[in-house]
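Remarks on the overall topology
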Amino acid sequence: MDHLYLLIPALPLLGFIINITLGRGLIKDKAHLVAIPAVFLSWAAAMYTVAQVAGGTIVSRDFYTWIVSGGFSVSAGFLIDQLTAVMLVVVTTVSLLVHIYSTGYMRGDKGFYRFFAYLNLFTFSMLMLIMSNNFLQLYFGWEAVGLCSYFLIGFWYEKKSAADAGKKAFIVNRFGDFGFGLGVFMIFLTFGTLHYGPVFQSAPGVLAGKTVMLFGQSVPLATLISLLLFCGAVGKSAQLPLHVWLPDAMEGPTPVSALIHAATMVTAGVFMVARCNPIFSLSPLAMAVVGLTGAVTALFAATIALVQNDIKRIIAYSTISQLGYMFLACGVGAYGAGIFHLYTHAFFKALLFLGAGSVMHSMQGELDVQKMGGLKKYMPVTYWTFLAASLSISGIPGFAGFFSKDEILWKAYSAGGIGTLLWVLGTLAALLTAFYSFRLFFLAFHGKFRGGHELEHHLHESPKSMTMPLTILGMGAVAAGWVGLPPFIGNALGVSNTFGAFLAPVFGNITESAASGEIMITGISVAVALLGILIAAYMYVWKPGAATALKEKLPAVHKVLWNKYYVDELYNFIIVKPAFWTARNFIAGTSDGKVIEGVVNGVPRAIDSFGRKLRKLQTGMLQDYAAIMAFCIFAFIAAALVFWKTMGG
Amino acid sequence: MVNLGYAAGYPVLSTIIFLPVIAALAIGLIKKEKTGLIKVLSLITSLLVFAASVPLFIFFDKTTANMQFVEWYSWIPPFNIDYHVGVDGISVLFVLLSTLVIILCVLISWNSVKDKVKEFYMALLLIEGAMIGVFCSVDFFLFYVFWEAMLIPMYLIIGVWGGPNRLYAAIKFFLYTLVGSVLMLVGIIALYLHAGRDFDIQHLANMKYPLSMQMWLFWAFFAAFAVKVPMFPVHTWLPDAHTEAPTAGSVILAAVLIKMGAYGFLRFSLPMFPDASRAMAMPMMVLSVIAIIYGGIVCLAQTDLKRLIAYSSVSHMGFVTLGIFALNVQGMEGGILQMLNHGIVTGALFLCVGIIYDRTHSRQISDYGGAATVLPVYAGLFMLFTLAAIGLPGTNGFVGEFLILLGGFTANKAAGAIAATGIIIGAGYMLWLYQRMFFQSVNPKLEGFSDISAREFITLAPMAALVFWIGFYPDAFLSFLHPSVQAIINRVQPAAGGNAVADFLRLFA
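Here the structure is a predicted model, which means the values were calculated and not measured.

Here we take up the layout of surface pockets. What the second largest pocket holds in volume is close to 930 Å³. What lines the second largest pocket is a set of 28 residues, among which Ile171(A), Phe175(A), Ile575(A), Val576(A) and Phe580(A) lie closest to the centre. Listed by contribution, the elements that provide at least two residues to the lining of the second largest pocket are helix H6 (160-191) and helix H26 (567-600) of chain A together with helix H12 (274-300) and helix H19 (422-438) of chain B. When residues of the lining of the second largest pocket are assigned to their parent elements, the largest contribution, 9 residues, is made by H26(A). By residue class, the composition of the lining of the second largest pocket is 19 nonpolar, 3 polar and 6 charged.

Our next topic: the confidence of the model for chain A. In regions of low pLDDT, the predicted coordinates are not meant to be interpreted in detail. With 89% of its residues at a pLDDT of 70 or more, chain A shows a mean pLDDT of 87. Averaged pLDDT values over the elements of chain A bottom out at 51 in helix H28 (residues 622-648) of chain A and peak at 95 in helix H11 (residues 268-275) of chain A.

This brings us to a nonpolar patch on the surface. All names here are of chain A. A contiguous nonpolar patch, built from Phe 175, Leu 570, Phe 573, Ile 574, Ile 575 and Val 576 and spanning about 570 Å² of accessible area, is present on the exposed surface. Looking at the nonpolar patch element by element, the count peaks at 5 residues for H26. By the element assignment, Phe 573 lies in helix H26.

It is worth spelling out the packing of helix H3 (residues 91-109) of chain B against helix H20 (residues 454-472) of chain B at this point. Residue and element names in this part refer to chain B. Two elements in contact, H3 and H20, have axes whose closest approach is 9 Å; the angle formed by their N-to-C orientations is 155°. The orientation of H3 relative to H20 falls into the category roughly antiparallel. The two elements H3 and H20 meet at a crossing, and its hand is left-handed. Taking contact as the criterion, the partners of Leu 100, Val 101, Leu 104, Leu 107 and Ile 108 in H3 are, on H20, Arg 455, Ile 458, Thr 459, Pro 462, Met 463 and Leu 466. When its residues are assigned to classes, the contact of H3 with H20 shows 9 nonpolar, 1 polar and 1 charged.

With that settled, the discussion passes to helix H14 (residues 329-360) of chain B. All names here are of chain B. Across its 32 residues, H14 extends 45 Å between first and last C-alpha, which sits within 8% of the 46 Å expected from 1.5 Å per residue. Counting buried residues in H14 gives 30 out of 32 residues, a clear majority hidden from the surface. Directly after H14, the chain includes His 361, whose backbone phi takes a positive value near 55°.

This brings us to the pairing of strand E1 (residues 68-76) of chain B. All names here are of chain B. Within E1, 7 of the 9 residues are buried, which leaves the element mostly enclosed by the surrounding structure. Both E1 and strand E2 (residues 81-87) contribute to a ladder of 6 bridges, which runs antiparallel. The partner of Tyr 73 across the bridge, within E2, is Tyr 83. The antiparallel pairing of E1 with E2 creates a hairpin that spans 4 residues between the two strands, and Asn 80 there sits at a positive phi of about 55°.

A word on empty space enclosed by the protein. It is a probe the size of a water molecule, rolled over the atoms, that shows where empty space is left. According to the stated counting rule, one finds 8 cavities of 30 Å³ or more in the structure shown. Considering the residues around the largest cavity, the lining is formed by 18 residues, among which Tyr139(A), Phe398(B), Phe402(B), Leu405(B) and Ile423(B) are closest to the centre. Counting residues per element, the ones that place at least two in the lining of the largest cavity are helix H5 (135-153) and H6 of chain A together with helix H17 (396-411) of chain B. When residues in the lining of the largest cavity are grouped by element, the largest group, 7 residues, is from H6(A).

Another aspect to go through is the environment of Tyr325(A). Residue and element names in this part refer to chain A. Examined against the element boundaries, Tyr 325 turns out to sit in helix H14 (residues 311-331). Sequence-wise, Tyr 325 and Ala 430 are 105 residues apart; in three dimensions their C-alpha atoms are separated by 9.7 Å. Those residues within four positions of Tyr 325 in sequence are excluded, and the remaining contacts are Gly 294, Ala 298, His 341, Lys 405, Ile 408, Leu 409, Gly 426, Ala 429, Ala 430 and Thr 433.

Before going further, it helps to examine the side chain of Thr49(A). All names here are of chain A. Relative to the assigned elements, Thr 49 resides in helix H2 (residues 31-54). Here Ala 45 takes part through its backbone oxygen, which lies 2.7 Å from a polar atom of the side chain of Thr 49. Contact partners of Thr 49, with chain neighbours within four places excluded, come to Tyr 5, Ile 8 and Ile 80.

Following the sequence through the fold, Ile44(B) ends up in helix H2 (residues 35-59). When the C-alpha positions of Ile44(B) and Glu148(B) are compared, they lie 26 Å apart, and in sequence the two are 104 residues distant.

Here the focus is the packing of aromatic side chains. Working definition: an aromatic ring pair is given by the centre-to-centre distance plus the angle between the planes. Counting across every chain of the model gives 93 aromatic pairs over all chains. Arranged with centres 5.4 Å apart and planes meeting at 85°, the rings of Tyr343(A) and Phe347(A) form a pair that is edge-to-face. Note that Tyr343(A) and Phe347(A) are positioned in helix H15 (residues 335-362) at a spacing of 4 residues, about one turn of the helix. With relative accessibility at 10%, the residue Phe347(A) sits in the buried group. The aromatic ring of Phe480(B) is capped on one face by Lys62(B), whose charged end is 4.6 Å from the ring centroid. Sitting over the face of the ring of Phe409(B), Lys413(B) holds its NZ or CZ atom 5.7 Å from the ring centroid.

The rules behind the values
- Residues numbered from 1 in each chain as written.
- Chains lettered and ligands numbered in written order.
- Predicted model: local features only at pLDDT ≥ 70, side-chain atom pairs only at ≥ 80, totals over all residues.
- Heavy atoms only, no water.
- 1 Å grid on protein atoms, 1.4 Å probe; cavity = no way out; pocket = protein on both sides within 12 Å on 5 of 7 lines; lining within 4 Å.
- Points joined across faces, edges and corners; volume = space filled by probe spheres on them.
- Helix = DSSP H or I, 4+ residues; strand = E, 2+ residues; numbered from the N terminus.
- Nonpolar A, V, L, I, M, F, W, Y, C, P; charged D, E, K, R; others polar.
- pLDDT = per-residue confidence, 0-100.
- Patch = residues over 30% accessible without salt bridge, like charges linked within 9 Å, V, L, I, M, F, W, Y side chains within 5 Å.
- Areas by Shrake-Rupley, 256 points an atom, 1.4 Å probe, with all protein chains shown as cover.
- Salt bridge = Lys/Arg side-chain N within 4 Å of Asp/Glu carboxyl O.
- Axes fitted to C-alpha atoms, helices over the stretch in contact; angles between N-to-C directions.
- Parallel < 35°, antiparallel > 145°, perpendicular 65-115°, else oblique.
- Left-handed = near helix turned anticlockwise from the far one by under 90°.
- Contact = heavy atoms within 4.5 Å.
- Expected span 1.5 Å × (residues − 1).
- Buried < 20%, exposed > 50% of the residue type's maximum accessible area, 1.4 Å probe, protein only.
- Pairing = 2+ DSSP bridges.
- Polar contact = N/O pair within 3.5 Å; in protein donor to acceptor, adjacent residues only side chain to side chain.
- Phe/Tyr/Trp six-rings, centres within 6.5 Å; stacked < 30°, edge-to-face > 60°.
- Lys NZ or Arg CZ within 6 Å of the ring centre and 35° of its normal.

Here you go:
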């Protein structure tokens, strides 16, 4: 049983290999019968392993040596500690539920086998990412999940928008990976290894006081490494300014949005920062950058979500915003709180997406919330689970999101300094979160159906394969937070923050005591959440004309938000267009076409005249070629003969 | 003279050099109408040569930088010219790549070459003998004979069996290479005279030359090798040659021929002119970084499928020369591995282009679209090679690029960091190409085409296997390199020992 953990990534990989090779010809619409058992057994092995970790058994071993070159050596290996254990729970559980859900959602799609193959491959890649014991294997998983994301966003590749979105996700992520890669180089050059153990252990000693010169500035090495690594996180977790790929990623099938673009892959950046906490913690500047990026992104994305009408894009911006909270937490050193929010978010956000998928399933693929309404009576399971998720994300006490968000805001506030600013931004974002979540909820499920009679006839609750995962995730969205009670509740009940205590070996033991201020902060959080819900109820239930009236009153604001602050347009203008313009007009046309060919050498001109002469020779007559070839052969024969003679002599 | 015996029980190197030549002569005796027989004979020959080269992989002693499988006879005694062949850890890999690639070239040409079949396969086999000879030669004269011998059949393959503009491309290829070669010949003669009339490469590589002489010779050899690589700005023959050459020609060019430039740097320039190499490392790295970025950006503007992949070669070979002139172990081993990788991946991409070209007879990217729907298996394989080309971890491309960038970054932070932007551009042009060819709605011009045949699948399969083999277990190939690369490093960097970590830590101390 010692090596049981190897099955966790191996089984989904096996499922992928079977489906990708045999799926098209042999397995076809039975692909889920391969993929789901693979993930289920992987989940079971993961649960067993997590139990082992809870019992104190940490796995840390190298599997085989991957790359050796001179003084550089890196292994494929695994580290399964408490942090990995939390990620294992999230990844395998959500993956399993999404696999099950997809059997219903993707039924009848001609790429059915391909879809399950990719889901399996993604699960494998994500598991390799979180189970790695070194930076290079982390990078392997990091790029591999990006690849799966590319495949799955562009799953319906015949649609140009889908193909574009997949490519955009990949390339935008490469911008982040560029920094991440340099960070990995810096780590190797500084520590002489890429393995977590030695790097993290020696980080405080090795990095202390070390600086590098960068553009004439003296920069602490810890800051440089942290910020380079953080570039990768900004790309993968869709933070400002690299957030632009995630809303477009909604072109992918909805189960993909739930699994990859909400619960797991996009949280990899948070995981990475948390994993590297021994390095980040050495640099106050890097921590401030992480926290501010998170807080500003949280608020920024929430404002965009206020006005969007595409159900999936609203949730996508909400994801960007919630990821911002996780970085906010990391920025104030509350890694445990960040991971806690990652964990609760996985449940309620996957639920929101799968609920949206259920709605789309019923609405024949319609995404516009303005065309929905009154779905409550047609889709009771979807309705109630969606409500649970919305309450959870809004931070209503008792629901999962409340505990984690509350812990983050409290940690930010109590950190003082920049933390106070982060708390203000976070609390504002919390108000907006509650509003846009319930705007979506009321528009979709309450009021009158606005999609026309034709569509209304089709409305139905989704099949069991889809509602079952909704129900399970719904339970998670309600109850998952109770493992991390804040001290002022925990003390009253006589239980401690089990989640925080579980992660203490990774993040250090943060002593928790009930502080008088905490109740006040919690009170403010709850108040803004309720306020947000009330405003949403007022504008979309009680006074349906209010939203339009407000939009007409503030047209400029609405326009900017509706167009997402024109960030895409900006990038198009400053990066994409100049790159192609340069390539077409300058480099390929002028430089390679005229300058280099013309100036660097006179060969082309010589060729022209030489060519004219040779053309007489090159009449296509066989003899000419034969003659030249004969010459070639002759050279060989001559060589061989002389050789022979020499040997004989 | 000395004959060190044969680990495999027979003279492996002479066998694989001359077996194709003899077969080519034999084919010359066959009537030209018997194309079936000619093709079968060529295939059998290429398979036999490959089989005969396998012992190189198995019996190679990875603990030494010495030449192995050596055969050494006096050839033209008055001039001290020897028939002296052998392989070290670097050349052995390219010999193996050559013998493999020729099999694939025979297979891919099976139905697509219809004109002058006999002459085509003769030329192919002659190239095989000559290019294996180039990698095995330990005598400079012998090396030059093979180097030039390779040029003629290659020139014919482009000029006779190529596309519409083949003549221009063939002559351009010929002239560029010839000009470079002539300068190298001058260099070889200078070395020969300086060493007291000796062509022995190992001897020449262990001598001490005055710095001024090293400089002159470095640039003389640079002319030959930079054209072959091709390095910026002498790369413009490559897009034309690649584009106009028939599939087999493009594959040989990409997989083996342009490797000879980088091989030349490793075999001659660095060990023979260590001080000049060290002094010129920075300009070389700058040229490499320019090639990476420039080649990548040019790719964005291409509308011709083969031209795009040709320009991507300029970018990829920029990585190779960057690694080599980083002058540390990681960079150099990464560079050599990347030579191999580029041969595999770009070779495979050209095979892929040949497969689709046989159906559509178009190289224009705009004539494609939605090919994933029409040819799903083909699309999957093309995707695999695309991913390897953009260096995704788990493929061979990643290992090479990572080591090169690590070595480059160690040698010069700015060069390494700027070169690393190449991975963004690379993803850009390759994925955009893939999208235009395979995604979106099906181009009516593609409708009705069949997916790849068994023959075509077999042609791509070895390359696909190598992508993963090197990607997940690069040690199988890197382990050949360690002693040979260390020997070069010791020669070029006698003081530092080429240990990247030590160098870097010293900076911070």
